[in-house]
Amino acid sequence: MNRRELVFMDSTSNKFWNIELAGDSRTVTYGRAGTEGQSKTKSFAGEEAAKKDFAKLIAEKMKKGYVDADSATASTGDAGDALPVLAFRSILKHEDISHNAKTFIGKRVADYDPEKKPAAGGKTVYRFRSDYDEANCIPHLTHFLETNAAAEAIGIVIGNWAGEDSDGDPCEVIKLLCDKCDRLSSLKAIYLGDIVSEENEMSWIHQADVTPLLEAFPKLELLRTRGGTDLAISQPKHASLRGLVCESGGLSAEFVRSIGRAKFPALEHLELWLGTEEYGGDSTVEDLQPILSGELFPNLKYLGLRNCEFADDIAAVIVNSPLVKRIETLDLSLSVLTDEGGRALLSLPTDGLLKHVSLHYNFLTGEVTKLLNKLPIKLDLSKPSHMEEDDEWRFVAVGE
Amino acid sequence: MSFRQQAHWILGDPQSRRVSDYRETALQFGLPAPRCIDWIDVIKEGADLLNCISVDSRLRIDSFGQRTDVIAALISHGDGLEFPQVGQILSLDHQYSGLSRILRVLNDWSISRPDVELDQQPSEIEVMFDKWATHRRFATHGELRSHRPQTTLLPIEPSAFWDSLQPFVQSCGGRVFVKPRYASSASGVCYFRVCNGRQQLIAPIEIDRNLGRVRLFNSLLVRSYTSPRDIQDIFSVLAPQGMIAEAAVNKARVDGDRFDFRVVVINGKADHVVARQSTSPITNLHLGNARASLHRVEEAVGADRVQDCRQLALRAADLFPGALYCGVDILLPRTGSPLVCEVNAFGDFLPGLIADGRSVYQAILNSSRRCREALF
Amino acid sequence: MSMTPNQARDHILAGSSEAIRIDGSIDLSGTDLKEISCSVSCNDLNLSGTSIQELSSKVKVRSRLNLDHCKKLERLPAGLTCGSLSVRGCTFLERLPEHLTTWFLNASDCPRLSEWPQEAAIRNGNVSLRNCLEIRSLPDWLGPLGQLDLAGCVNLHRLPEGLRVTGWIDIGGSSVLSLPQSLQNAPLRWRSVRVTHEIAFEPEKITSKQVLAEKNAELRRVMIERMGYLKFSEEVGAKEIDQDTDAGGKRQLLIIELNEDEPLVGLACRCPSTNRQYFLRVPPETKTCHQAAAWIAGFDDPELYQPMIET
């Protein structure tokens, strides 16, 4: 194969990277999705050297989370206009927790400004939020729903609804969206809670029962939420939901169990941030059994059990589960994963469909990291810089 | 004597990029290479050392930098007995006392050497380095008082500190910045929020607890603390070193992120402006935050409002007539007029920033205080 | 009939015979329920602390079945199938049912449990048999498992060859003296404390020097327990500075002279609630047991891990 087309998507970007090998040179073309991008050609002493560089660059990109543009993960499926599973990803890296979404389902996110005419064609996803004492979330959303752009909106982002009152819940926003669901006839993706710690601590965010959204939007493909307190899906049923992402500092055992009895036959991407007991995350690995049994979501391709205190327990059980043989991506990142869990993951099946495992942000030692790297699976074992040696990320104040 | 022949001297850290960049700029201008006097020597040996400066020279006082030996020497000079490990936030008050003593000596020396042209008078640096003194200077100039965020000077005694901070936070709507009185860059800067009886503190600080002793370190990772114990511990270390609190302002956004401005005012001109964009409330550039394109910022908030910020920076810098240049931090709220936050004596190190075809150092070398004073 | 979990609960408590099918959890914990007479189908069923004697085969639990502390429980239905089964502290329970199928089994503190079914499937999840005094063997059909807790299984001497455990095995206080080939690399625990193979199986090789070098107080305790407290204090040449008595019994303040280092002073005491022997380091200037205890009380053990998101 002399050509590879890769793509990357997360909460901050949506980009492509293509490489073509021609004799003793290779050309890389890369840029933001939807643009021409830019090309760079490099020549080598011989064909072998060019080939080697070609393979090396691809391996580097894959390690960073790029996937083949025509892979099941990235392709848009039969419907043609369906969202690629790749677009369901929340944040990849630890540091992105403190960023508001720059992209959502691969589209640019912008704060809604009623003074400006919204972009047509659903190209931009608008965010509605209350900043400090400016309680704009509901008024701006109401304004947007009356524009023609609403009918074209594929995705919508609800930011900090609470403004100054950190205990405010999103019931009013949910009700408004549901009441006006006919105005949002193209809507496929909702992000309820694009809120960073400066706006409201993740553990302070009050969520709500999101069942009304599932009922009002039968064409919904992705529901992403942030905040665990009071989050519920009392009727976990939806025929076409393909992605469910629940970011939190702690998901209640009851919530996790409700996912364990869900009827989401189309689900391909499931991401649960299980959190810590301190913030209400009182689930255990036993609550995950219905999910891990593999009987629940026949189309699942990505499973993320992230930000979890008991990642070692999950690792020990998940390697034996029927599910792990069937999915493409397993994500245990942002968790307290130690050598015990790392050693368990050495038993991951390598003969199934599993291709990517993310263990970004972990507490593994070099020894176990080395053993894991020998697995014939793409593993992300990166750590944010502050988890490396102490002194390197302590800075010295420069007198100015 | 012509500008081209004037000898240039720097009091700074000879190993720093600040000094090497400045030297390079001077050489590009065809000036003789500036000679650097190491802070450590002046701290240890006093002003006599400066007598090596040739007649009619120009002297730039630059940052004392971040070298452990220099910091320790300043602290000892300020009668401090505790010395920070690399990155530790400790003895800021003694460090300032030491700096302040040296600056006074420099001031006396400069009076005895009127032939030497100083870019910044040491007494001005002394004020700029002390956020209380800066605040008082603003407070005594009525027209700027209304362009300051609501501010309070906090007592150093821990219980009085809390008694003073709590009502202040309430009066500011629940969100404030609590900053060390003497530190610079983002060191020790805390975004503190009280909401529905809960507390939140976001800061580039790492807490290190060992055998019951709490130490704070500057961290490149901006963390969020919500446990009252952590917050109490952070303030118990910072408060005795001196602090100031100001109301957190709902800053304007560009591309969804907050930003503020660092304006380097040089010789009465506010050409050099950097918009510092950040997803966290702490916007200092060295924490990995991006410089936003000024063009994007103007698009987002309107060129007029950016112009207002430059104007305000100029007015703030006018309060420091003894300084040829200074770095002024300007906040632009979502709505309403800009606010001036702090003035940094050594806030001119912005490599790569070009305005009107000139870098900051080029612009500084191109002006001189003697000419500026002539304008007044 | 379709009902809410709360209605289902009332229904069962009333002894109604009508069948119940619900999506969700039924919580009957702490009630004095003696039997479930109707057929039940639900996701989770919590019967902990009830007076139930026998579970009917008409009760179908898809996910979690909790029968903890059902002191009268004697029988579970053959073919019982669920995601996780918990029968902690069922002091009357002697056997598990034939053809039991589950991922997770927690049967800790079941002192009479002794009989394994001929055929059953307990695999993929975790098994805890902590303090099951009558367990003498493990069945061949067991596993693969995530974690296996055998702490306190005093009558269990060996594990079946071929058993697979992907996580840890806890053998603290059991009679297991070696592991089968299939478990040679398994991480080990000793009553929840992570230990090395040596501490678990070759305690005679532990030296007092290793103990003193160990920073983790829990691990240090296990090491001293494994090598024997007397042997430890003799080997280090500990001298008593002070002694008194507290809730845990006799306490000693010991000093150990170390070459090229300040002397090590520590309080040897028993924890009143667990009766475990600890040796806790205190500042070398400490003079009395009382001072040492006060110092220890004021000292917070640093947490091993910070949660990754300090929300």
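Keep in mind the model is a prediction, meaning the values are calculated, not measured.

The rules behind these values
Residues numbered from 1 in each chain as written. Chains lettered and ligands numbered in written order. Predicted model: local features only at pLDDT ≥ 70, side-chain atom pairs only at ≥ 80, totals over all residues. Helix = DSSP H or I, 4+ residues; strand = E, 2+ residues; numbered from the N terminus. Buried ≥ 20, exposed ≤ 12 C-beta atoms within 10 Å, placed from the backbone. Contact = placed C-beta atoms within 7 Å. Nonpolar A, V, L, I, M, F, W, Y, C, P; charged D, E, K, R; others polar. Pairing = 2+ DSSP bridges. Arc of directions from axis to C-beta. Axes fitted to C-alpha atoms, helices over the stretch in contact; angles between N-to-C directions. Parallel < 35°, antiparallel > 145°, perpendicular 65-115°, else oblique. Expected span 1.5 Å × (residues − 1). Core = buried A, V, L, I, M, F, W, Y, C linked by C-beta atoms within 7 Å. pLDDT = per-residue confidence, 0-100.

Caption draft 1: Just the overall build of chain C, in detail. In terms of helices and strands, chain C carries six helices and 17 strands. If one aligns the C-alpha atoms of chain C with their principal axes, the spans along those axes are about 75 × 40 × 40 Å. Residue burial in chain C is summarised as follows: out of 311 residues, 42% are buried. Across chain C, contacts joining residues at least 24 apart in sequence account for 12% of those joining residues at least 6 apart.

Caption draft 2: How the structure looks around the interface of chain B and chain A. Counting residues at the interface gives 40 residues for chain B, matched by 29 residues for chain A. Sorting the residues of the side of chain B that touches chain A by element identifies β7 (190–195), β8 (198–210) and β9 (213–225) of chain B as the ones contributing at least two each. Of the residues forming the side of chain B that touches chain A, the biggest block, seven residues, is contributed by β9(B). Residue classes in the side of chain B that touches chain A are distributed as 13 nonpolar, 23 polar and four charged.

Caption draft 3: Representation of the sheet that holds strand β13 (residues 269–275) of chain A in the model. All names here are of chain A. The strand order across the open sheet formed by twelve strands is β6-β7-β8-β9-β10-β11-β12-β13-β14-β15-β16-β17, and the pairing between neighbours is mixed. Among the strands making up the open sheet, the edge pair consists of β6 (103–104) and β17 (378–380). Across four bridges, the pairing between strand β12 (residues 243–247) and β13 is parallel. Bridged to Cys-246 within β13 is Leu-272.

Caption draft 4: Fine view of helix α9 (residues 228–238) of chain B. Residue and element names in this part refer to chain B. Along α9, the positions that sit buried rather than exposed are Ile-234, Phe-235 and Leu-238. Looking down the long axis of α9, one finds its buried residues gathered within 90° of arc, a one-sided arrangement. Of the exposed residues in α9, the ones pointing more than 90 degrees away from its buried face are Pro-228 and Arg-229. On its buried face, α9 is in contact with α8 (158–171), β6 (175–180), β7, β8, β9 and β10 (243–247).

Caption draft 5: A look at the packing of helix α2 (residues 137–145) of chain A against helix α4 (residues 171–179) of chain A. Residue and element names in this part refer to chain A. For the pair α2 and α4, interaxial distance at closest approach is 11 Å and the crossing angle is 5°. Relative to α4, α2 is oriented roughly parallel. Contacts from Cys-137, Ile-138, Leu-141 and Thr-142 in α2 reach Glu-172, Val-173 and Leu-176 in α4. Here the residues of the contact of α2 with α4 sort into five nonpolar, one polar and one charged.

Caption draft 6: How the structure looks around α8(B). All names here are of chain B. Look at α8: 20 Å from first C-alpha to last across 14 residues, which is about the 20 Å you get at 1.5 Å a residue. Buried residues of α8: Phe-161, Leu-165 and Val-169, and no others. The buried residues of α8 occupy one face: seen down the axis, they fall within an arc of 50°. Facing away from the buried surface of α8 by more than 90 degrees, the exposed residues are Ser-159, Ala-160, Gln-166, Pro-167, Gln-170 and Ser-171. In the core, the buried residues of α8 are packed alongside β5 (151–154), β6, β7, α9 and β10. Trailing α8 by a residue or two, Gly-173 shows a phi angle of about 80°, which is positive.

Caption draft 7: Geometry of the nonpolar core. Ranked by size, the top nonpolar core spans 106 residues in total, and within it Val263(B), Val265(B), Ala313(B), Cys326(B), Val328(B) and Ile330(B) carry the most contacts. Ranked by the residues each element gives to this core, the list is headed by helix α4 (residues 92–112) of chain B, at seven residues. For Ala313(B), the contacting residues outside a window of four places in its chain are Val263(B), Val265(B), Ala270(B), Val328(B) and Ile330(B). With 104 residues, the next largest nonpolar core counts Leu214(A), Cys246(A), Leu267(A) and Leu345(A) among its residues.

Caption draft 8: Fine view of the confidence of the model for chain C. All names here are of chain C. Taken as a whole, chain C shows an average pLDDT of 88; of its residues, 94% reach a score of 70 or greater. A low-confidence stretch, residues 299–311 (pLDDT under 50), is modelled with 28 contacts involving residues beyond four sequence positions or located in other chains. Here the prediction assigns the complex a pTM of 0.87, and the interface score ipTM is 0.86.

Caption draft 9: Quick peek at the sheet that holds strand β14 (residues 239–246) of chain C. Residues and elements named next belong to chain C. The four strands are arranged β14-β15-β16-β17 in an open sheet whose pairing can be described as antiparallel. Only two strands of the sheet have a single partner each, and these edge strands are β14 and β17 (277–282). The average undirected angle you get between the axes of adjacent strands in this sheet is 20°. Summarising the sheet, strand β15 (residues 249–256) and strand β16 (residues 264–270) pair through five bridges and their orientation is antiparallel. Its bridge partner being in β16, Leu-253 is matched across the sheet by Leu-267.

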